[in-house]
Amino acid sequence: MGDKEIKSILKEAREQIKAKEFKGALKEVKKVLNKDKNNYMALVFCGLCLSELEQPDQALQAYKRATESSPDQLTAWEGMCKFYEKYSDKTEYRPHHIECLRTVLQLVESDPVKGYDVSSKLAQLQLDALDLEGAVTTLQSQAQIVHQDQEKHRSSLELIVKVLSQQTDLSEQLCSVFEESLDVLLTENNTVQNMENLKQMIKLLYKMRKLEKLLSTALKMTHLFPQNTYPLEWICKIYLEWVSDTLDFVSSELSDPCLYYETLLGFSPHSTLGKLAKGAHKSVTGDLDEGISLLSASTEGSSPNVYGLYLLTQAQFNTKKFSDVEISAPEALKYLDKVKEKATREKLERELRLMNIKALYQQGSTEKLEAVEGLVKGLNDLVSKDHELGLILMKVYSTLGKEERVSELKTVVSLEAAESLLIEAMLQQAKGNTEAAKERLLECQANHPDNFEVLILLGRLSWEENRTENSLAYFLKAAKIEPGSWVPFLYLGHYYKSLATDQGLEKARKCYQKCLQLNPHEINAGKGLSDIYRETGKLQENLTFLSEVTSRSSPASGKCTWAWLRLGVHYLATDQPSLAVQALQSALRGDSSDLNLWEALADAYMSRGSYTAALKAFEKVLKMNPENQYASLMIASIKDRVGKWQEAKVDYKLILENHPQYLPALRGLGECLLSQAQSYLEEYVDKNAVDCIEEALGVLTTAAELKPSLHGTWRLIGDCCLTLRDLPSATVKLRVPSKLVGGTDGVELIDKIKVMELGSRSYIRALNLCQDNWRIWHQLGILYSSIGKMNNCRETRQKALSVMKHVVNLAPTVAAGWTSLGVVACQCEDWALAQHCFIKSLQLEVSAAAWTHLGVVYLHLGHAQLANRAFKEAQNQEPSNLRGWAGQALVAEVAGFRSESMDLFRHCTFLGGETESALGYGNWVVSTLKDLARREQVESHNKYIIEKMHGVAVAADSLTLYCRRKQEDSLAFCQLSVLFERLGLLRRALEAAERARSLLEDSEQIDLLDRVMSNIGRLNAKLGNYEGAVEAYKSVRTTSFYSQVGLALSYFALKQYQESYETYKSCLHWLAESDSLKSDILVAMGTLAYKVEGPQVAKTLLFQSCQMTPASVRGILALCVLGIQSSDLSLIDAALAEMKAHENDPRHAHDIAFLRASVMLLKGDMKGARRSLLRAVHNHPWLAGLWRVVSVFLLLNSKSEASSAAAFSSKAGAIAQEQNTDERNFKHTSIVKGFNNFGSNMKSQMNAESLLIESLCLLSIGDRKGARRAGAKLCHLYPDLAQAWAILSASGEKSSVWVKKSLEFVQSVGDGQLSSWAARQI
């Protein structure tokens, strides 16, 4: 193939490439390469086609062969560059791509346009590869290539600046490139870009530490941009370094930077650098105070300027504010790492240490001198050069007693005679040789009488030896010689304060103020000044001073802990406990190990009422010091206050075990027992209250013996006696120390009267010690009032009234005194005085108690409307005021609002225990029950309270509390007995009735006594004590129908049928007022006649009963039963016909249905009997008795339907529980033997009977598990029922232990048949 043909093929391939037919072009190219494998253009075309056909490896190989065959030709290199650009996502190609671009750049170096483009691509690629220096070099080459094109040249430099400005760390070479580029770019124009370039230049020059050029650049920028603060801030920053003597160039601008920082502060008043520059300039020019103020304010923060701190320290040192230097110098040293130049950093560090050492020495504190040693390191080379430093170090070591170090320094420091004597005196003083030290100091003073240090040391020695008068002369002279030193003023303040006179305290105040003016951080001066302010009553000045001190530093620093403590004490003294807590918490942030701080904080919590926090704080104190009596005492006191009296008693007793005569613990224990007794009284636990008072009197007697002159102890004894004033005399029997009642040793038993007398003597003893204490007079008046009420003595009441009048004379602005005077006036029946006192009390202080008492006065005077308004105000003032609600209930009762009165009394029972409301609610409940028994109209709400709100139980509880306090109220005991009986608590009811009888036996209330005896008889009968019942009924003086019926029933139970018959007969002829009652009595007489004389006589009496109108249904039932027994069908039919009129009566429907079914069963009509019972249930499905008789009928007569019988019995129990059955109209007679007198009410009897029948039904069908479940429920509800345990044991396995125990119980408590059955089973 010739050259022409190759050219023709390549031309064809080029055309196909242009037409994007890469496959065809590749075929043509391969033809050429088959003939000439190194053909340059064929290889270039091959690489291009393979690249487009996504064969990168072969394409790259073709390009490389092309560049190797002709490395100086540009086409292959350009193709290869395009190939790499196409596959730029492949990082492995990047290095070769860079080399490729470099080659291309060399080949096009003569062409500025192509060179600019290629270099731009190369630089970007190098930046992507993180080759910063390579990219900058490339950009420099680009700038060189286009140096003739000013626009592109500038663009290249701007790109260099942009790249380098984004870097945080540059090498020196790059910094130089950066600087050169910026130099070229900077112009005299005030464009935004030029401003940014100037900023970049300033930052770069500061980094390169070319500060002189930086200053000129900043000055140039201020001319171009006069309102820009950026160059001004840099000028101020450079000025701080320049004035710190760390820069070695001269600048007229920095000699007077006033223009620059003033301009800066004009534009930016809060500029820190502007304030620092101003402060530094002021310090340099002599205005040190303002300079220090500016520097100090501008160096506060988390990252202060280190040069500002250095200049601040220098200014403070020059003004001899050494305590401030002590703070500023370490702070500056902490931030020296910001100084990058090592020489500058070392210089600043050395000078700061030197100033710190001198400042610490000048303060003279041993603690501060010990800190000098750590600062000396690195300054040894200065000792020989700096005489002052060497002398200071020698004085420091001498004061610390380090003689070896002093000897070492003497070899390099030359001393004068006076200096040598002074150092020797310091050494002797450190060794404890005060006399030797004094001799040398006096010798030194003789030669140099105005030596300040000698005078201070002599003054301190005299002060330590308690020769204060001598020290005064030394300190006065020292203060005159060196008025800028705070030390003499501190000791002068101590001296004048020790004089303890008004003039001395005033001088001490001035000295302390002068000391703090010279050294604001002197703690002892601050403490002394604050104490003087507090002692002289200048509380506002003290607050201002302490607030200023605490504002100087954060609480956590611990520098002002003493001030925070005193601030907390100040707030406690001015009754601001919340602020006191905050102050003391701040103090603890500085020193959490200070015991006094924790105690003060606990006291502040106590004052604020935060008892839990106070308790924890005192526990912390006790943990730090287990022997701290005060903390132990306060812990017990806090527990007493929060109502944890049992724990408080234990704590008090632990204190007294170690310190038996510790008076505060004795009195605290007495108060604790008194508080616990009062709590028990509120809960009506009277016996416990008496025990607490008895123990308290013993403890307080010991306290009174230890210090009889304390009126508070005698008052506590009186309070203990007064606490028992409301208890009945029978409850108050105390064993008190004989010394309290005129004896010598041991204890004596005293009653309530003697307790009250003891209380009056105790109050009088307290008043002898403190005659004008109105509180004690007040308590004495209440005590006299109680004694007068107890003895019903008018003279004692008048005495109480006189005492209360004296109370209001002593304290006319105290509302409690007027209230108590009003109460005593009420007892004396002086209603006008009482009304005046209560109104006066309300004028002084509005209280629920005063309104309540005023309401009682109005109620007594018959002004119900005014009483209602007064009680309403009491309720508004205190919604939980129980007596206010009781008063409203009484008003409602007087006004005839029965329902509202009962509801208000009921509400009182929920608020708490109170005798008047308890009696009132009991009265209303009993009254409502009486109305219900008489079938009188009862308001629905009252009935709802009885039936749905446990009215009877709540009333019983209320009356129990009332009777516990009022043990002479026979009517209340009678009512309580009725309520207990209603609840089924028969023994409790009998006890209450017996108590009522004992109270009424000597009274003239014969009618009430007869009723009580009737109740006792009925209760004895219910309890099975029929002999007691007969005796009680016979004791009734005026017999009634019900007492005679009860007597007859008791005779019947005792099988004294003749006596029972005669009693019924007397009722029939003399006491029965209606034919209905006579009919019932004839039925009872018929029952007795049946047992004694036989059926004929019984039948005659029953016929007589049925002839009356209305006839007794039970008589008809009895006639039917007699007919069944005698097979008298006519009698049966007649009885059934009479029953028909009563078959819908809920009281008798089940008995009638059961008898009718039994008659059918006797006639052999089993299905008819079953159908009759089911019809009755269908007609009256709400009657539990019908469901129960159906269950019994099926159980007895249809064993196959026993499971249905169990379901019926369960249904009967459920209905009985859901219904509110009136027990007066529905007297339940059980078909189960022994169930008629069982349970507290009819519901419980019916429920127990239903469960028992259900268990029997389940047993009959072999469902022992179900029977056991029902039997267990029955035992749980009625554990005293022998039948329940019999059923349960029958359902269990005989081998079980529990079955044997159940049978033993049945054998012991069951009747004859059950006992014998249980015995056989065992």
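Residues numbered from 1 in each chain as written. Predicted model: local features only at pLDDT ≥ 70, side-chain atom pairs only at ≥ 80, totals over all residues. Heavy atoms only, no water.

The subject of this paragraph is the overall build of the protein. In terms of regular secondary structure, the protein is built from 73 helices and two strands. Sorting the 1322 residues of the protein into buried and exposed places 49% on the buried side. (Helix = DSSP H or I, 4+ residues; strand = E, 2+ residues; numbered from the N terminus. Buried < 20%, exposed > 50% of the residue type's maximum accessible area, 1.4 Å probe, protein only.)

Per-residue confidence for the protein gives a mean pLDDT of 84; residues scoring 70 or more make up 88%. pLDDT under 50 marks residues 1222-1226. Its contacts with residues more than four places away, or in other chains, come to 11 contacts. (pLDDT = per-residue confidence, 0-100. Contact = heavy atoms within 4.5 Å.)

Membership of the largest hydrophobic core comes to 86 residues, with the highest contact counts inside it found for Leu441, Leu492, Phe545 and Phe618. A per-element tally of this core places helix α36 (residues 595-608) first, with eight residues. Setting aside residues no more than four positions away along its own chain, Phe545 makes contact with Leu516, Gly526, Leu529, Ser530, Tyr533 and Trp562. Formed by 82 residues, the second largest nonpolar core is a distinct cluster that contains Ala677, Ala703, Trp714 and Leu722. (Core = buried A, V, L, I, M, F, W, Y, C linked by side-chain atoms within 4.5 Å.)

Across all of its chains, the model carries 31 salt bridges by this definition. Across the salt bridge formed by Glu705 and Lys739, the nearest N and O atoms sit 2.3 Å from each other. One end of the pair, Glu705, is in helix α41 (residues 686-706); the other, Lys739, is in the loop between β1 (734-737) and β2 (747-750), with 34 residues separating them in the sequence. According to the relative accessible area criterion, Glu705 is partly exposed, its value standing at 41%. (Salt bridge = Lys/Arg side-chain N within 4 Å of Asp/Glu carboxyl O.)

For the structure shown, the criterion picks out 12 aromatic pairs. Taking the centre distance of 6.3 Å and the plane angle of 40 degrees together, the rings of Phe545 and Trp562 count as tilted. Note that Phe545 is positioned in helix α33 (residues 539-550) and Trp562 in helix α34 (residues 561-573), a separation of 17 residues in sequence. Three or more aromatic residues joined by ring pairs make a cluster, and in this case those are Trp463, Phe475 and Tyr491. Here Lys1211 stacks its cationic end above the ring of Trp1187, 6.0 Å away from the centre of that ring. (Phe/Tyr/Trp six-rings, centres within 6.5 Å; stacked < 30°, edge-to-face > 60°. Lys NZ or Arg CZ within 6 Å of the ring centre and 35° of its normal.)

The subject of this paragraph is the packing of helix α16 (residues 272-284) against helix α17 (residues 288-298). Their axes nearest at 7 Å, the elements α16 and α17 cross at an angle of 155 degrees. Classified by the angle between their axes, α16 and α17 sit roughly antiparallel to one another. Viewed along their axes, α16 and α17 form a crossing whose handedness is left-handed. Taken together, the residues of α17 that come into contact with α16 (itself represented by Thr272, Lys275, Leu276, Lys278, Gly279, Ala280, Lys282 and Ser283) are Leu288, Glu290, Gly291, Ile292, Leu294, Leu295 and Ser298. Counted by class, the contact of α16 with α17 contains six nonpolar, five polar and four charged residues. (Axes fitted to C-alpha atoms, helices over the stretch in contact; angles between N-to-C directions. Parallel < 35°, antiparallel > 145°, perpendicular 65-115°, else oblique. Left-handed = near helix turned anticlockwise from the far one by under 90°. Nonpolar A, V, L, I, M, F, W, Y, C, P; charged D, E, K, R; others polar.)

The end-to-end C-alpha distance of helix α49 (residues 864-877) is 20 Å, a good match for the 20 Å that 14 residues give at a rise of 1.5 Å each. Taken residue by residue, α49 has Ala867, Ala870, Phe871, Ala874 and Gln875 as its buried positions. Across the axial projection of α49, the buried residues extend over an arc of 140 degrees, all falling on one side. In α49, the exposed positions that point more than 90 degrees away from the buried face belong to Gln865, Arg869 and Asn876. Along its buried surface, α49 packs onto α48 (848-860) and α50 (882-895). (Expected span 1.5 Å × (residues − 1). Arc of directions from axis to C-beta.)

Another aspect to go through is the side chain of Ser977. With respect to the helices and strands, Ser977 occurs in helix α55 (residues 970-982). Each residue touching Ser977, except ones within four places of it in the same chain, is listed here: Ala989, Ala992, Ala993 and Leu1019.

Okay, helix α72 (residues 1297-1309) next. End to end, α72 covers 19 Å across 13 residues, agreeing with the expected 18 Å (1.5 Å per residue, within 8%). By the burial criterion, the buried members of α72 are Val1299, Ser1302, Leu1303 and Val1306. The arc that holds the buried residues of α72, viewed along the axis, is 100 degrees, so those residues lie on one side. In α72, the exposed positions that point more than 90 degrees away from the buried face belong to Val1297, Lys1301 and Ser1308. Close packing links the buried residues of α72 with α71 (1282-1290) and α73 (1312-1321).

Two numbers describe how helix α11 (residues 192-207) lies on helix α12 (residues 211-224): the axes approach to 9 Å, and their chain directions differ by 160 degrees. For the element pair α11 / α12, the angle class is roughly antiparallel. Remark: the crossing between α11 and α12 carries left-handed chirality. The residues of α12 that touch α11, namely those facing Asn194, Met195, Leu198, Lys199, Met201, Ile202, Leu205 and Tyr206, are Leu211, Lys213, Leu214, Thr217, Ala218, Met221 and Leu224.

It is worth spelling out unusual backbone geometry at this point. Residue Pro1110 is reached from Thr1109 by a cis peptide bond, and omega for that bond is -5 degrees. Locating Pro1110 in the fold gives a position in the loop between α62 (1095-1106) and α63 (1113-1126). Of note in the backbone geometry, Asp575 takes a positive phi value of approximately 60 degrees without being a glycine. With respect to the element layout, Asp575 can be found in the loop between α34 and α35 (577-590). One non-glycine residue, Glu829, lies in positive phi territory at about 60 degrees.

Residue position: Asn519 is located in the loop between α31 (502-518) and α32 (523-535). The contact partners of Asn519, leaving out residues within four places of it in the chain, are Ser323, Gln363 and Trp486.

The next thing to look at is the environment of Ser70. Relative to the helices and strands, Ser70 resides in the loop between α4 (56-69) and α5 (74-86). The exposure class of Ser70 is buried, given its relative accessible area of 17%. Here the alpha-carbon distance between Ser70 and Tyr40, two residues 30 residues apart in the chain, equals 7.1 Å.

In this structure, Gly526 sits in helix α32. Along the sequence, Gly526 and Ala563 sit 37 residues apart, while their C-alpha atoms lie 7.7 Å from each other. In contact with Gly526, other than residues within four places in its own chain, are Leu516, Phe545 and Trp562.

Evaluated as defined, the whole model comprises zero disulfides. The cysteine Cys515 is free of any disulfide, with Cys511 supplying the nearest cysteine sulfur at 9.2 Å. Overall, Cys515 belongs to the buried group, its relative accessible area being 0%. (Disulfide = S-S within 2.5 Å.)

The next subject is the environment of Pro577. As for its position among the elements, Pro577 is in helix α35. Using a relative accessible area of 15% as the deciding quantity, one classes Pro577 as buried. C-alpha separation for the pair Pro577 and Ser607, spaced 30 residues apart in sequence, amounts to 5.7 Å. Other than its neighbours up to four places away in sequence, Pro577 contacts Tyr571, Ala604, Ser607 and Arg608.

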